[in-house]
Amino acid sequence: MSTLKTTLTIDGMMCSMCEAHICDVIRKTVPDAKKVAASHKKGEASFLTENAVDEEKLRAALNETGYACTLVTTAPYEKRWGLSTA
């Protein structure tokens, strides 16, 4: 089973509370989302899933909260094992 990484570009996040709000919306809209994270500094949020997400449903849920989801991209995700050569 392949893992997908979905990255969202979001306008309107100003602080860590905004990040938490965005993450809550993602978790409610995409119940199987893993590693949900948001950054107001980057204006991005991302998460992992096993299946493709309904981008329109996700975009609509975020836009309803007052944030503007301007871009949704999904790509295959390869886990990095973090091996160190030090």
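Structure first, text after, so check above.
Residues numbered from 1 in each chain as written. Predicted model: local features only at pLDDT ≥ 70, side-chain atom pairs only at ≥ 80, totals over all residues. Heavy atoms only, no water.

S.K.: It is not clear to me how the overall build of the protein chain should be interpreted in this structure. Could you clarify?
M.R.: Along its length, the protein chain carries two helices and four strands. When the helices and strands of the protein chain are placed in sequence order, the string is β-α-β-β-α-β. Its C-alpha atoms give the protein chain principal-axis dimensions of about 45 × 30 × 20 Å. Here the protein chain holds 86 residues, and 36% of them are scored as buried. Looking at the protein chain alone, contacts between residues at least 24 apart form 63% of all its contacts between residues at least 6 apart. Accessible surface, the protein chain as shown: approximately 5800 Å² in total, 54% of it carbon and sulfur. In the protein chain, 11 positive and 11 negative side-chain charges are present, and the distance between their average locations comes to 8 Å. (Helix = DSSP H or I, 4+ residues; strand = E, 2+ residues; numbered from the N terminus. Buried < 20%, exposed > 50% of the residue type's maximum accessible area, 1.4 Å probe, protein only. Contact = heavy atoms within 4.5 Å. Areas by Shrake-Rupley, 256 points an atom, 1.4 Å probe, with all protein chains shown as cover. Lys, Arg positive; Asp, Glu negative; His and termini not counted. Charge placed at Lys NZ, Arg CZ, Asp CG, Glu CD.)

S.K.: Help me out: how do you make sense of the pairing of strand β2 (residues 34–39) in this one?
M.R.: The two faces of the sheet receive side chains in turn, since in a regular strand these alternate between them. The pairing of β2 with strand β3 (residues 44–49) spans four bridges and is antiparallel. What sits directly across from A38, in β3, is A45. Between β2 and the antiparallel strand that follows it, β3, lie four residues; G43 among them carries a positive phi value of about 70 degrees. (Pairing = 2+ DSSP bridges.)

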